[in-house]
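Single-letter residue listing:
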Amino acid sequence: MDSQETIYRLCPNCQNNIPEQNNFCSICGHAQNHEEVKFHGKKRQNLNQVALFFAIEIIICISAGLISEHTILIALFFDLIMALTAILFFAYSWQENKFLLKWPNFSIKKVSALIALTLIASFGVQFLVGHLNQLVFNKDYTFYYTYAFHDYGNYIMIISVALFPALFEELAYRGFLMQRLLNIVDEKEAIYITSILFFFIHFSMISFFWMLPFGLVLAYVRIKTNTLWYGIVMHFFFNLCACLIEIYNYGSF
Amino acid sequence: MENQNINLCACCAHHYESIDIFCNTCGYPLQGTKQQQDAFIANRTVKEIDLVDLKKKIESARNSLYIITAFLGISGLFGLFFIKEGDDLFYYLISYVILVGAFLAFAVWSKTKPASALISGLSLYVIVQLLNIIADPATLFSGIIIKVLIIAYLIKGIIAVLEVDKIKKELNIK
């Protein structure tokens, strides 16, 4: 009766016409979700890559935390190692990841709107964090003095605190990690996991109230726009704002 | 219409047409030999049993998260009695409340989003243990068997989540 409304498709195994809603071909018995099953079979490999990546990230971050000395050279050294890790993992599956480096549908309006929102959020967060640090630790925490004693300290600070993390954290988390996770779980869970791991790697429990939402927004923008660049721009301006406030508070250009 | 009710698949009890060679819902070989049909049913049963086992593994992983929560909560309360004059009580409390809250949240969350919750829980647990070891290397060996067991259960849980998805796809069930 309703056979006119049934949509047919070709069975990929025996090329016979079968109704779309059938799970198996009634002529050769071929599973119609064969591709999906194959996709699920590759999950373990992807999971192992994610585990290796995150283990390396933890080791780097913990070794950075172990060194109590704060000098420009050490800061730049760890920036360089993070950058190399990000590039290596990203390039390992280059064919799958390279589309993320394109910037389709570039819109100056969107970029300016995102930058404006980021700056407002960053100001708010810096203000709150400043007060929270005084409240909880009874002291100001600043990374400014690491860079203060160099002639070009301000510029090195902007490169090391704003530019490098923006580029390479995005490349690593929203680039490599996100792409791997999309092969394991659905989009929503990939957004959650990347932002939670992104938050963990900063080793700052108190900052969960802004680091997690920030990670979620970056991951969401990356999924919606299919490019890393909006995230990189937002991340850069967020950190730049923090740098400029430090310079304003403790030093001068 | 009358004889439609007779043609029900022996494996999944869905209706089939008499010209069908395989059941289009479960892939059962309707016109195969007795041996093929038995093998099909056996194979499917094995997968269904696997599914039950894997769900138990996810359950154990969730319980590990609850155990971590309970252990952290108790040791946090216990630690309050040993806090020294110079220590920052406020900071101590905030750290423990956030950590206990996080593990509890992951444990509850693992009911709806097991992959995210278990991966996050495992990562946090490993990071906390590593930071503990760095702060005080002696903690490496205290309760090492329990720590290894908890990590093993969490890893098995994560792998089980992926396997469950895979088997469900193979069996074509939601």
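Use the structure listed above.
We now turn to the structure provided with this report. (Residues numbered from 1 in each chain as written. Chains lettered and ligands numbered in written order. Predicted model: local features only at pLDDT ≥ 70, side-chain atom pairs only at ≥ 80, totals over all residues. Heavy atoms only, no water.)

### Here we look at the overall build of chain B
Okay, step 1: When its secondary structure is counted, chain B shows four helices and zero strands.
Okay, step 2: Taken from the N to the C terminus, the helices and strands of chain B come in the order α-α-α-α.
Okay, step 3: Computed over the C-alpha atoms, the radius of gyration of chain B is 25 Å, more than 25% above the 16 Å expected from 2.2 N^0.38 for a compact globule of 174 residues.
Okay, step 4: With respect to the principal axes defined by its C-alpha atoms, chain B has extents near 85 × 30 × 20 Å.
Okay, step 5: The buried share of chain B, reckoned over its 174 residues, is 35%.
Okay, step 6: Put simply, 51% of the contacts in chain B that link residues at least 6 apart link residues at least 24 apart.
Okay, step 7: Split by element, the accessible area of chain B, about 10,300 Å² in all, is 67% carbon and sulfur.
Okay, step 8: Computed over 16 positive and 15 negative side-chain charges, the inter-centroid distance for chain B is 1 Å. (Helix = DSSP H or I, 4+ residues; strand = E, 2+ residues; numbered from the N terminus. Rg over C-alpha atoms; globule rule 2.2 N^0.38 Å. Buried < 20%, exposed > 50% of the residue type's maximum accessible area, 1.4 Å probe, protein only. Contact = heavy atoms within 4.5 Å. Areas by Shrake-Rupley, 256 points an atom, 1.4 Å probe, with all protein chains shown as cover. Lys, Arg positive; Asp, Glu negative; His and termini not counted. Charge placed at Lys NZ, Arg CZ, Asp CG, Glu CD.)

### Some thoughts on the packing of aromatic side chains
Here the distance between the centres and the angle between the planes together describe a pair of aromatic rings.
Residues and elements named next belong to chain A.
Okay, step 1: A full pass over the atoms with the stated rule returns 21 aromatic pairs over all chains.
Okay, step 2: Centre to centre, the rings of Trp103 and Phe106 are 4.8 Å apart; their planes meet at 80 degrees, and the pair counts as edge-to-face.
Okay, step 3: According to the relative accessible area criterion, Phe106 is partly exposed, its value standing at 48%.
Okay, step 4: Three or more aromatic residues joined by ring pairs make a cluster, and in this case those are Phe53, Phe89, Tyr173, Phe176 and Phe198.
Okay, step 5: The side chain of Arg174 reaches across the aromatic face of Phe198, ending 4.4 Å from its centre. (Phe/Tyr/Trp six-rings, centres within 6.5 Å; stacked < 30°, edge-to-face > 60°. Lys NZ or Arg CZ within 6 Å of the ring centre and 35° of its normal.)

### With respect to the environment of Leu131(B)
Okay, step 1: Topologically, Leu131(B) is positioned in helix 3 (residues 114-135).
Okay, step 2: Look at Leu131(B) and you get partly exposed, because its relative accessible area is 38%.
Okay, step 3: If we ignore the near neighbours within four places in the chain, the residues touching Leu131(B) are Ile62(A) and Phe203(A).

### Regarding the packing of helix 1 (residues 34-80) of chain B against helix 2 (residues 89-109) of chain B
All names here are of chain B.
Okay, step 1: At a minimum axis distance of 8 Å, the contact between helix 1 and helix 2 shows a crossing angle of 165 degrees. Judged by the inter-axis angle, helix 1 sits roughly antiparallel to helix 2. In terms of crossing hand, the pair formed by helix 1 and helix 2 is left-handed. Contacts between helix 1 and helix 2 involve Arg62, Leu65, Tyr66, Ile68, Thr69, Leu72, Gly73, Ser75, Gly76, Gly79 and Leu80 from the first element and Leu89, Tyr92, Leu93, Tyr96, Leu99, Val100, Phe103, Leu104, Phe106, Ala107 and Val108 from the second.
Okay, step 2: In terms of residue class, the contact of helix 1 with helix 2 is built from 16 nonpolar, five polar and one charged. (Axes fitted to C-alpha atoms, helices over the stretch in contact; angles between N-to-C directions. Parallel < 35°, antiparallel > 145°, perpendicular 65-115°, else oblique. Left-handed = near helix turned anticlockwise from the far one by under 90°. Nonpolar A, V, L, I, M, F, W, Y, C, P; charged D, E, K, R; others polar.)

### Looking at the packing of helix 1 (residues 34-41) of chain A against helix 4 (residues 144-171) of chain B
Okay, step 1: Interaxial distance between helix 1 of chain A and helix 4 of chain B falls to 9 Å at its minimum, and their mutual angle equals 160 degrees. Comparing their axes, helix 4 of chain B and helix 1 of chain A come out roughly antiparallel. The two elements helix 1 of chain A and helix 4 of chain B cross, and the hand of that crossing is left-handed. Contacts between helix 1 of chain A and helix 4 of chain B involve Glu36(A), Val37(A), His40(A) and Gly41(A) from the former and Asp165(B), Lys166(B), Lys169(B) and Glu170(B) from the latter.
Okay, step 2: Counted by class, the contact of helix 1 of chain A with helix 4 of chain B contains one nonpolar, two polar and five charged residues.

### Here's the deal with unusual backbone geometry
Okay, step 1: Of note, the phi angle at Asn226(A) is positive, near 60 degrees, even though the residue is not glycine.
Okay, step 2: With respect to the helices and strands, Asn226(A) occurs in the loop between helix 9 (208-225) and helix 10 (229-250).
Okay, step 3: Of the residues examined, Asn226(A) reaches a relative accessible area of 37% and is grouped as partly exposed.
Okay, step 4: Non-glycine residue Ala13(B) carries a positive phi angle of around 65 degrees.
Okay, step 5: Counting through the fold element by element, Ala13(B) comes out in the segment before helix 1.
Okay, step 6: Residue Ala13(B) is classed as exposed on the basis of its relative accessible area of 51%.

### Structural notes on the interface of chain B and chain A
Many authors give the size of an interface as the accessible area that is lost as the parts come together.
Okay, step 1: With 36 residues of chain B at the interface, the matching set in chain A holds 36 residues.
Okay, step 2: The contact between chain B and chain A buries some 3,400 Å² in all, and 75% of this surface belongs to carbon and sulfur atoms.
Okay, step 3: Three residues, Asn24(B), Leu162(B) and Lys169(B), lead the burial of chain B against chain A; their summed loss comes to 17% of the area buried on that side.
Okay, step 4: Connecting chain B to chain A are one salt bridge.
Okay, step 5: One can count seven residue pairs in polar contact (both at pLDDT 80 or more) joining chain B with chain A.
Okay, step 6: Elements with a contribution of two residues or more to the side of chain B that touches chain A: helix 2, helix 3 and helix 4 of chain B.
Okay, step 7: The element that contributes the greatest number of residues to the side of chain B that touches chain A is helix 3 of chain B, accounting for 10 residues. (Buried area = accessible area lost by both parts, 1.4 Å probe. Salt bridge = Lys/Arg side-chain N within 4 Å of Asp/Glu carboxyl O. Polar contact = N/O pair within 3.5 Å; in protein donor to acceptor, adjacent residues only side chain to side chain.)

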